[in-house]
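Take a look at the letters that make up each chain.
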Amino acid sequence: MIISANLKTNFTRKQTSEYITELDAFLSENGISQDVLVFPTASALDRFEAKVEVGVQNAYATVNGAFTGEIGLEQIEEFGIKTILIGHSERRHILGETQEVIAEKFNFYKELGFKIVYCVGEPKDIREAGKDTMMEYISKQYDGIDTTYENLIIAYEPVWAIGTGLVPTLEDIKDIHSELKTKSKAPLLYGGSVKANNAKDILGVENVDGVLVGSAALKIDDFKSMITDAQNLNKEDR
Ligand code: PEP
């Protein structure tokens, strides 16, 4: 399974380095065979010699150039990073990234062979408008995206569940994941208020191949506990 942490705009460079070092020791000491991904804030990126896979939370579709406030391939390559998060709801809804911009970014990093964790998910009003409206909305988030890309991971993250403590029912997660699996066979993560006390149940749902965790991952012991849950479930071996 794939257990990933989006650290967002949290932790200093030193805190991030300590976090990754501690996590890495945990993976080795416990013989963890799951894929563990961490997305630190851009200023804390480094060349981490770790089993933990480090990715960027965002980057512009460029090698370099005049794009104030952005980072591009040149800055990412410096650290040997080949993993990127694209389409996160905070970038869509707070920073105003359109599907067109997101698809451009996707295609740029796809051409470079990056592992892409691509996020989709609906806001509350769309959810409340019913399943057809919801699936139609999510479908549009696949526009311009190569759903057969071999290095693709999709994260289903309902916007209303992110950082709110609200989580869809396990039945709902199962239902949506089974629909999304018809759109792409890529591993499919669930994200949105995954915590140490619900990760095991969510990871156990059919067609959930892992989780993308925000706030709860900031507490390293909680994140370790989710990794242990995934290891114990070991779905692939069942
Ligand atoms: C996220 O931002 O990707 C996320 C899942 O956040 P949280 O776990 O805090 O809901």
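Worth saying up front: this structure is predicted, and the values here are computed from it rather than measured.

1. With respect to helix α9 (residues 220–233)
- Under the 1.5 Å per step criterion, the end-to-end length of α9 is 20 Å for 14 residues, consistent within 8% with the ideal 20 Å.
- What α9 keeps buried is the set I220, F223, K224, M226, I227, D229, A230, Q231 and L233.
- Buried-residue contacts for α9 involve β1 (2–6), α1 (13–29), β2 (35–39), α8 (199–203) and β8 (210–213).
- Just downstream of α9 lies N234, where phi reads positive at about 40°.

2. A word on the sheet that holds strand β3 (residues 53–54)
- In space, the 8 strands of this open sheet follow the order β3-β2-β1-β8-β7-β6-β5-β4, with parallel pairing throughout. A strand with exactly one partner marks an edge of an open sheet, and here the two such strands are β3 and β4 (83–86).
- Lying on the sheet, helix α7 (residues 170–183) is in contact with β5 (115–120), β6 (152–156) and β7 (188–191); it crosses β7 at an angle near 145°.

3. Things to note about the pattern of salt bridges
- Summed over all chains, the structure comprises 17 salt bridges.
- In this structure, the salt-bridge partner of R127 is E122, at a minimum N-O distance of 3.0 Å.
- Overall, the relative accessible area of 19% leaves R127 in the buried class.
- Residue E122 is classed as buried on the basis of its relative accessible area of 0%.
- We note a salt bridge from E206 to K174, for which the minimum N-O separation is 4.0 Å. Separated by 32 residues along the polypeptide, E206 in the loop between α8 and β8 and K174 in helix α7 bring together distant segments of the chain.
- The class for E206 is partly exposed, based on a relative accessible area of 49%.
- Residue K174 is classed as partly exposed on the basis of its relative accessible area of 34%.
- One continuous salt-bridge network, built from bridges that share partners, spans E22, D221 and K224.

Thresholds applied
Residues numbered from 1 in each chain as written. Predicted model: local features only at pLDDT ≥ 70, side-chain atom pairs only at ≥ 80, totals over all residues. Heavy atoms only, no water. Helix = DSSP H or I, 4+ residues; strand = E, 2+ residues; numbered from the N terminus. Expected span 1.5 Å × (residues − 1). Buried < 20%, exposed > 50% of the residue type's maximum accessible area, 1.4 Å probe, protein only. Contact = heavy atoms within 4.5 Å. Pairing = 2+ DSSP bridges. Axes fitted to C-alpha atoms, helices over the stretch in contact; angles between N-to-C directions. Salt bridge = Lys/Arg side-chain N within 4 Å of Asp/Glu carboxyl O.

From the geometry alone we can't say anything about function, so treat these as descriptive.
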